[in-house]
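For reference, the chains in residue letters:
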Amino acid sequence: EEYRIQVGHYLVALNGSPQLWDVNQSEFGREVELTVQRPLLLSVEVVKQGEPLGMQVAYAGGSTLNVTEITPNTPASAPGVDLAEGDRILAVNGVRGPAGDLLA
């Protein structure tokens, strides 16, 4: 069970190539090698004191917020704040929902 691909896992490479969007299926034999990354769920507190958080986010299709940039010397890059580019934000202030709701 623990070795099965599950909802929420990320496909990061196909036959060793991270370019998942440029795959020629005719090159596949009977076996395909998938590289999968399992998510790690963390709760991170960012203390904002009247200044911008210091991170850029993007979202497509209203799903989740994706951290695209962390600005140095801001609350998002403070010691003890474990945020990184590529992280997905699932909830803000305890509220979980679509990206649009989290930005409101």
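Only a predicted model underlies this, so the values are computations on that prediction, with no experimental measurement involved.

What counts, and where the lines are drawn
Residues numbered from 1 in each chain as written. Predicted model: local features only at pLDDT ≥ 70, side-chain atom pairs only at ≥ 80, totals over all residues. Heavy atoms only, no water. Patch = residues over 30% accessible without salt bridge, like charges linked within 9 Å, V, L, I, M, F, W, Y side chains within 5 Å. Areas by Shrake-Rupley, 256 points an atom, 1.4 Å probe, with all protein chains shown as cover. Salt bridge = Lys/Arg side-chain N within 4 Å of Asp/Glu carboxyl O. Helix = DSSP H or I, 4+ residues; strand = E, 2+ residues; numbered from the N terminus. Pairing = 2+ DSSP bridges. Buried < 20%, exposed > 50% of the residue type's maximum accessible area, 1.4 Å probe, protein only. Contact = heavy atoms within 4.5 Å.

**So, a nonpolar patch on the surface**
Taken together, I5, L11, V32, L34 and V36 make up a surface patch of nonpolar side chains, about 400 Å² in accessible area. Inspection of the secondary structure assignment puts V36 in strand β2 (residues 34-37).

**Re unusual backbone geometry**
Residues other than glycine seldom take positive phi values, yet N73 does so here, at roughly 60 degrees. The topology assignment puts N73 in the loop between β4 (65-70) and β5 (88-89). You will see that N93, though not glycine, has its phi angle at about 55 degrees, which is positive. Assignment of secondary structure puts N93 in the loop between β6 (91-92) and β7 (95-96).

**Here we look at the sheet that holds β4**
The strands making up a sheet associate through hydrogen bonds between their backbones, and the pairing can be parallel or antiparallel. One open sheet holds the three strands; their spatial order is β3-β4-β5, and the pairing between them is antiparallel. What marks the edges here is a single partner per strand, and that holds for β3 (55-58) and β5. Bridging between β4 and β5 involves two bridges; their strand directions are antiparallel. Its bridge partner being in β5, N66 is matched across the sheet by R88.

**Points about the environment of Y59**
Positionally, Y59 belongs in the loop between β3 and β4. Taking relative accessible area as the criterion, Y59 reaches 43% and is therefore assigned partly exposed. For the pair Y59 and G100, spaced 41 residues apart in sequence, the C-alpha separation works out to 8.6 Å. When residues no more than four places from it in sequence are discounted, the contact partners of Y59 are T64, L65, A99 and L103.

Such coordinate-based values are descriptive only and should not be taken to indicate function.
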